[in-house]
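# Tertiary structure, described
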Amino acid sequence: MTAAQPLPTLEITALEKRFGETQVLRSIDLKVQNGELVFVIGPSGSGKSTMLRCCNRLEEPTSGAIHVNGKPMLGIPRKELDRMRLQVGMVFQGFFLYPHLSALKNVTLAQRKALGRSKAEAEARALEMLDKVGLKHKADAMPSELSGGQQQRVAIARALALDPKVMLFDEPTSALDPELVGSVLKVMRDLRELGMTMIVVSHEMHFAREAADRVVFMDGGVIVEEGPPEEIFGNPKSDRLKAFLSRVSGEAA
Amino acid sequence: MDFFDAFLNPEIIATYLRPMVRAVWVTIWISVLVVISGLALGALLAGLRAYQKRWLSWPIVLFADLMRALPPLVLMLILFFGLPSIGIILNDWFVLYLILTLVLAAFVEEIFWATMTSLPRGQWEAGAATGLSFLQVLVHVIFPQALRMNIPPLVNRSLTISKMTAYGSVIGVKEIVSVAGSAQAFSGSATPLTMAALAYLIIFFPAMLLSRYIEDRFHYEH
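Keep in mind the model is a prediction, meaning the values are calculated, not measured.

Cut-offs applied
Residues numbered from 1 in each chain as written. Chains lettered and ligands numbered in written order. Predicted model: local features only at pLDDT ≥ 70, side-chain atom pairs only at ≥ 80, totals over all residues. Heavy atoms only, no water. Helix = DSSP H or I, 4+ residues; strand = E, 2+ residues; numbered from the N terminus. Rg over C-alpha atoms; globule rule 2.2 N^0.38 Å. Buried < 20%, exposed > 50% of the residue type's maximum accessible area, 1.4 Å probe, protein only. Contact = heavy atoms within 4.5 Å. Areas by Shrake-Rupley, 256 points an atom, 1.4 Å probe, with all protein chains shown as cover. Pairing = 2+ DSSP bridges. Axes fitted to C-alpha atoms, helices over the stretch in contact; angles between N-to-C directions. UniProt positions renumbered as here; feature names shortened; annotations may be inferred. Salt bridge = Lys/Arg side-chain N within 4 Å of Asp/Glu carboxyl O.

## Overview of the overall build of chain A
What chain A contains, in helices and strands, is nine helices and ten strands. A globule of 253 residues ought to have a C-alpha radius of gyration of about 18 Å, and chain A, at 18 Å, matches this closely. When the 253 residues of chain A are sorted by exposure, 55% land in the buried category. Partitioning the contacts of chain A with sequence separation of at least 6, the portion at a separation of at least 24 is 64%. Total accessible area computed for chain A in this model is approximately 10,800 Å², and 49% of it derives from carbon and sulfur atoms.

## Overview of the sheet that holds strand β9 (residues 214-219) of chain A
Residues and elements named next belong to chain A. The six strands lie next to each other as β6-β7-β8-β3-β9-β10, forming an open sheet whose pairing is mixed. Of all the strands in the sheet, the pair left with one neighbour each is β6 (88-91) and β10 (222-227). Adjacent strand axes in the sheet meet at a mean angle of 20° when their direction is disregarded. As paired strands, strand β7 (residues 166-170) and strand β8 (residues 197-201) are joined by five bridges and run parallel to one another. When the sheet's bridge partners are listed, M167 is paired in β8 with M198. In this fold helix α1 (residues 48-55) packs onto β3 (37-41), β6, β7, β8 and β9, with an angle of close to 145° to the strand it touches most, β7.

## Some points on the UniProt feature "domain: ABC transporter" (unreviewed entry) in chain A
What UniProt calls "domain: ABC transporter" (unreviewed entry) maps, in this numbering, to residues 10-245 of chain A. When the span residues 10-245 of chain A is considered, its composition is 38% helix and 25% strand, and the gap between its end C-alpha atoms is 27 Å.

## Notes on the sheet that holds strand β1 (residues 10-19) of chain A
All names here are of chain A. Strand order in the open sheet formed by four strands is β2-β1-β4-β5, and the pairing between neighbours is antiparallel. Both edges of this open sheet fall to β2 (22-32) and β5 (71-72), since each of them pairs with a single strand only. Here strand β4 (residues 63-68) pairs with β5 via two bridges, running antiparallel. Along β5, the bridge assignment pairs H67 with P72. On top of the sheet, α1 reaches β1, β2 and β4; it is set at about 120° to β1, its chief contact.

## Some details on the UniProt feature "transmembrane region" (unreviewed entry) in chain B
Residue and element names in this part refer to chain B. Here the UniProt feature "transmembrane region" (unreviewed entry) sits at residues 26-48, 69-89, 95-114, 126-147 and 193-214. End-to-end, the C-alpha atoms of residues 26-48 are 33 Å apart, and along that stretch the chain is 100% helix and 0% strand. Secondary structure across residues 95-114 divides into 100% helix and 0% strand, with the first and last C-alpha atoms of the span separated by 29 Å.

## A closer look at unusual backbone geometry
The residue A:D163 is not glycine, and still its phi comes out positive at about 55°. Within the secondary structure layout, A:D163 lies in the loop between α5 (148-160) and β7. Here A:D163 falls in the partly exposed class, since its relative accessible area comes to 34%. In this model, B:Q52 sits at a positive phi of 55°, which is unusual for a non-glycine residue.

## Re the pattern of salt bridges
All names here are of chain A. For the structure on display, the rule yields 22 salt bridges over all chains. In this structure, K31 and E11 form a salt bridge, with 4.0 Å as the shortest nitrogen-oxygen distance. Highlighted residues: K31 in strand β2 and E11 in strand β1, separated in sequence by 20 residues. Here R214 ties to E36 by a salt bridge, and the two come within 2.8 Å at their closest N and O atoms. Of this pair, R214 sits in strand β9 while E36 sits in the loop between β2 and β3, and the two are 178 residues apart along the sequence.

See the structure below:
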């Protein structure tokens, strides 16, 4: 950490977000390096999802800066924003596959319309990505015919097919039945092996311990503490983190 | 005079069959034009309203409310009998086509708008997050879903508006009711009116079957 750092894949600088009078995020600074998996934990309402959603501007930050590979996400025209969003993949808690399109078409739509790939190229890429998430055989299935875990894996393939520089996961397993969580976590683990840069907001503490390079603990709209998982979970410094961990350890970790 | 003589007199049927068939065609093509342009205009207005620009939404809402509140017949009478007094003369069939199209568009706009706003916000966000422009999300993600969910009300509205072509009789469009009405007055027999009723059945029964087919075809589970 002492040597000159390379350009971060994602850099959040002095990010603030207010909803009217309510301050949701306060002076958030976060750098995510290429290939890093950063895990964001914290109680509900701590602002972690809002921070994630600011990164691709599904939520409009009140002030601050966000850069992807050194290029600004804020203060750019919508056309440029659409192009920048291609570099930031997002996976939602609620999957949000397009219900009127097959799994394959879910994965090809943005490739064709936003990236301008040909039909053949987009389909080849989609099949490759569906294969990566273990669902190549479901390419023609409609979302209503897939389990929650399968839908989420198609959603991951949909984001990956656009060759993003960083993937944002917004509680990707929270809406899943417990027995389906594993299949989604496996895909995320594979992605990490392949060197994908990832920011994960999740309550899967086991997964954080095992897969995260760095864990960020948020509470009350600020980053309270961050460090390697063994530090955060093994040697928490702040009282707020200690309280949070003892609360969740009852259920999970 | 027994019942059949009054309502299904063969001679009267023979006399008025040809004009009635012509009237059926007039009713059909005006209906088809109204449904096509009304659906298209309504969908377009809902799409424009989705941009949430006040200078766009406000006139659209006003238009939709006015067209849904006013009886179509009143609008037709104003256009057909009122406009000539300021030197604008419109064809009878054009007035019928225009007003029915605008009324259908108003209802279609409201139907689409209601569904588009009730779709999960995540559908808009999933599209935007993959780099699609607002228009692309609207056209490829939101609109096809809204269309599928709205097929039953859209079909109902289309059938209802098609039957309103009968208002054309008031301004002289030679559609079914108009032709049957004159024939009844001319012959003193109720038979042309029975023919009119049968003509509507012949047109709308297949339309109902078609609509059932479309509803089944595009039904999907959420």
